[in-house]
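Observations on the three-dimensional arrangement
Given next are the chains, with one letter for each unit.
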Amino acid sequence: MSDEFDVVVVGAGPAGENVADRAVKGGLTAAIVERNLAGGECSYWACVPSKALLRPVELVAEVSRVPGLTLGPIDTAAVLARRDEAVSHLDDGGQAEWIKSVPAEFVRGHGRLDGPKRVAVTAKDGSVRTLTARRAVVLATGSGAAVPPIPGLAEASPWTSHEVTAATSVPGRLVVLGGGVVACEMAQAMHGLGARETTVLARGGLLGRMEPFAGELVAESFAEAGITVRTGVQVTKVERPTPGGPVTVHLSEGPPVEADELLVATGRRPATGDLGMETVGLEAGRSVEVDDSMRATGVPGDWLYAVGDVNGRALLTHMGKYQARVCGDVIAARAKGETDDLPGLRDVADVYGAPQVIFTDPQVCSVGRTEAQARAEGFDVRAVEYDLGRVTGAYLQGDGYRGRAKAVVDERRRVLLGVTFAGPAVGEMLHSATIAVVAEVPLERLWHAVPSFPTASEIWLRLLETYGL
C-alpha cells in the first residue's frame, strides 16, 4: 500500500470529495482522509437532515393557504424515520464506495499536518500512517458550531446543529439561542414537529445579514405559529443542575426562560484546532486564508490549499463544492505545467456573492450584495422592491400569500448587484437571479427574458417595470 499520492485531501465532506474527483479526472492520484463519516457534516448533521425535517412543516403551511384543502397533524415519528433514511442511518458505506470508484484511496482516521506535504493519520487503534503529497495537500475539514463563553452554557450540554438535526424525539419546550439561518430553520422545524413552547433569543433581529424585510416576514410567520421571538436580549447565565433535566436561561432583561432543551445556533468556527497547523507556520483555530485558486497564502512552497468552510469565504455546501472544483482543476493544471490563470481556474463566485436559500416558511433566498453592502462598497446604487403577493402566479399559490422581492442595481453599469426574494416556495427562483448577477446581464437585455404567466417568476417583470424599463 503506497503512502505517496499526488494529492492528499483532509476531510471527506462534499468539498473534499469534489477536490479528489477533479484531481483524479485531471490525471493525478489522490487520497482522502476522514475521521468521521465519508460525506461530511452536510450529509448527516446539517443540510440533508434539516431539510428532511423542514419539508413536512412547509407542506402543512402551504396546504393551509389553499381553500378546500386540509392536512392532518404531522406524524412526527414518520418524519424522523424519513430523516433517518435521508442520512442513510449514519452509514457511510455508499459514500466510501463512491470515493473508491473515483478512484481515490479512502483513509479512515484523524489527519493532521506533519510538516510540508505530509499528513499523519491516526487510526482508531492508535496506529499512525503518514501520507506524503507529491503536489498538494488540501484542507477540507469544514467548521463546527461555536458555543459562546456564557457562564454555565457549556456545562449545560446544549444542542448544536449536530444534535438538533439528529434528534430522536422533539422536546416539549425548546429555547433557541441565535437569530441566523440554523436558529430560524430549526426553531420552525422543531415547533412544527411538536415543540409546543419554542422561544428564539436573538441579540439582533432575525436573519440580520439579509435585507431587513426578510427577517421581518419570518418573524411575522413565527408569531402566527406561536413561536416567541425576543430580540435585543443577552443570555447572562445558563443553569442545568441535573444532566438531561430542565435548563434555565437567564436574560439581561425580563424573567428567565425554562426549557427541556437549549439549541445554540450563534455561528460557526473553522475546524483547524487540531489539524497540525503550527507545523507549517499557521495558527490553529483560525481560517486558512487562500487566494482565488484556493492556495493558502503565506505558506512557503505553494503546496497547501483549503476549500469550503475551513477557508472562511462562504460557509455554504454548494460554495465549498464550487471551490473544490476550482481547486482540483488548478492543481491538475499546475502539475502538468499548463496555464493556470484561465477563468475556470479561479474562484469568482465569491466576488459576485454566494447564493443562499433559507428553508423557513416563508422561504428566504438571495444572491449577491444587499443594498447596505453595495453602498458600503462604494457602488452607485439604486434599489427597487415589489410585493410578491401582487403577482398573479404567487396569489394562485394560496390565500394570504405574503412575500417581497428586491433588486439592487449598479447604476453606472446597469447590472444587478444582488437580488433577494422572501415568500413561500421562492427558493426555486433563485438560480435565475444567480445567473443574472454572475453573468452581469444588462438590464436592457434582461428585459427581453420574458417570464411565463401565471408564475411567480413574473416578479422579474414587475421589478424591471418598477425600475422604469
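Structure first, text after, so check above.
As a starting point, this report considers the structure included with it.

Cut-offs and rules
- Residues numbered from 1 in each chain as written.
- Predicted model: local features only at pLDDT ≥ 70, side-chain atom pairs only at ≥ 80, totals over all residues.
- Heavy atoms only, no water.
- Helix = DSSP H or I, 4+ residues; strand = E, 2+ residues; numbered from the N terminus.
- Rg over C-alpha atoms; globule rule 2.2 N^0.38 Å.
- Buried < 20%, exposed > 50% of the residue type's maximum accessible area, 1.4 Å probe, protein only.
- Contact = heavy atoms within 4.5 Å.
- Lys, Arg positive; Asp, Glu negative; His and termini not counted.
- Charge placed at Lys NZ, Arg CZ, Asp CG, Glu CD.
- Pairing = 2+ DSSP bridges.
- Axes fitted to C-alpha atoms, helices over the stretch in contact; angles between N-to-C directions.
- Core = buried A, V, L, I, M, F, W, Y, C linked by side-chain atoms within 4.5 Å.
- Phe/Tyr/Trp six-rings, centres within 6.5 Å; stacked < 30°, edge-to-face > 60°.
- Lys NZ or Arg CZ within 6 Å of the ring centre and 35° of its normal.
- Salt bridge = Lys/Arg side-chain N within 4 Å of Asp/Glu carboxyl O.
- Polar contact = N/O pair within 3.5 Å; in protein donor to acceptor, adjacent residues only side chain to side chain.

The next subject is the overall build of the protein chain. When its secondary structure is counted, the protein chain shows 15 helices and 21 strands. Since a compact globule built from 469 residues should have a radius of gyration of about 23 Å, the 24 Å found for the protein chain is in line with a globular shape. Its C-alpha atoms put the protein chain at 65 × 65 × 40 Å along the principal axes. Out of the 469 residues belonging to the protein chain, those deemed buried represent 51%. A fraction of 64% describes how many contacts in the protein chain between residues 6 or more apart in sequence connect residues 24 or more apart. When the 46 positive and 59 negative side-chain charges of the protein chain are each reduced to one mean point, those points stand 2 Å apart.

To continue, consider the pairing of strand 14 (residues 261-264). Residues of strand 14 alternate between two faces, with Glu261 and Leu263 on one and Leu262 and Val264 on the opposite face, all of them buried. Here four bridges tie strand 8 (residues 173-177) to strand 14, and the two strands are oriented parallel to one another. Each bridged residue has a counterpart across the sheet, and for Val176 the counterpart in strand 14 is Leu263.

As a further point, take the sheet that holds strand 13 (residues 257-259). The three strands are arranged 11-12-13 in an open sheet whose pairing can be described as antiparallel. At either end of the open sheet lies a strand with only one pairing partner, and these are strand 11 (235-239) and strand 13. If you compare each strand with its neighbour and ignore which way they point, the axes differ by 20° on average. In the sheet, strand 11 pairs with strand 12 (residues 247-251) via four bridges, with the strands oriented antiparallel.

Turning our attention to the nonpolar core. Counting 56 residues, the largest nonpolar core has Val137, Leu139 and Leu304 as its most contacted members. With seven residues, the single largest contributor to this core is helix 9 (residues 317-335). The contact partners of Val137, leaving out residues within four places of it in the chain, are Val8, Val10, Leu113, Lys117, Arg118, Val119, Trp303, Leu304 and Tyr305. In this structure, Val57, Val176, Leu217 and Phe222 belong to the second largest nonpolar core, which totals 34 residues.

The subject of this paragraph is the environment of Val87. Mapping Val87 onto the fold places it in the loop between helix 4 (76-86) and helix 5 (93-101). Spatially, the C-alpha atoms of Val87 and Tyr44 are 5.1 Å apart, while their sequence positions differ by 43 residues. Sequence-distant contacts of Val87, that is, excluding residues within four places in its chain, are made with Ser43, Tyr44, Val48 and Pro49.

Moving on, we come to the sheet that holds strand 14. Within the open sheet, the four strands sit side by side as 10-9-8-14. Their pairing is parallel. Single-partner strands in this sheet number two, and they are strand 10 (228-231) and strand 14. Here the average twist between neighbouring strands, direction ignored, is 15°. Inspection of the sheet shows strand 9 (residues 197-202) paired to strand 10 by four bridges, in the parallel sense. Paired with Ala202 across the bridge in strand 10 is Thr231.

Turning next to the packing of aromatic side chains. As enumerated under the stated definition, the model contains two aromatic pairs in all. Here the aromatic rings of Tyr44 and Trp45 are separated by 5.6 Å at their centres, their planes lie at 55°, and the arrangement is tilted. In this structure Trp45 comes out as buried when scored by relative accessible area, which is 11%. Over the aromatic face of Tyr467 sits the side chain of Arg382, whose NZ or CZ is 4.4 Å from the ring centroid.

Bringing the pattern of salt bridges into the picture now. Under the criterion given, the structure shown has 39 salt bridges. In this structure, the salt-bridge partner of Arg129 is Glu105, at a minimum N-O distance of 2.9 Å. With a gap of 24 residues between them, Arg129 in strand 6 (residues 128-139) and Glu105 in strand 3 (residues 105-108) connect regions that are remote in the sequence. Assessed through its relative accessible area of 18%, Arg129 is described here as buried. Arg462 is the partner of Glu458 in a salt bridge, and the nearest nitrogen-oxygen pair spans 3.2 Å.

The next subject is the environment of Ala407. In this fold, Ala407 is placed in strand 20 (residues 404-410). Separated by 393 residues in the primary sequence, Ala407 and Pro14 have C-alpha atoms spaced 31 Å apart. Ignoring sequence-local partners within four residues, the contact set of Ala407 consists of Arg382, Ala383, Val384, Leu416, Gly418 and Leu463.

Another point: the side chain of Asp309. Position of Asp309 among the secondary structure elements: in the loop between strand 16 (304-306) and helix 9. The buried charged residue Asp309 lacks any salt bridge, with Arg268 as its nearest oppositely charged partner at 4.8 Å. A polar atom in the side chain of Asp309 sits 2.7 Å from the side chain of Ser143.

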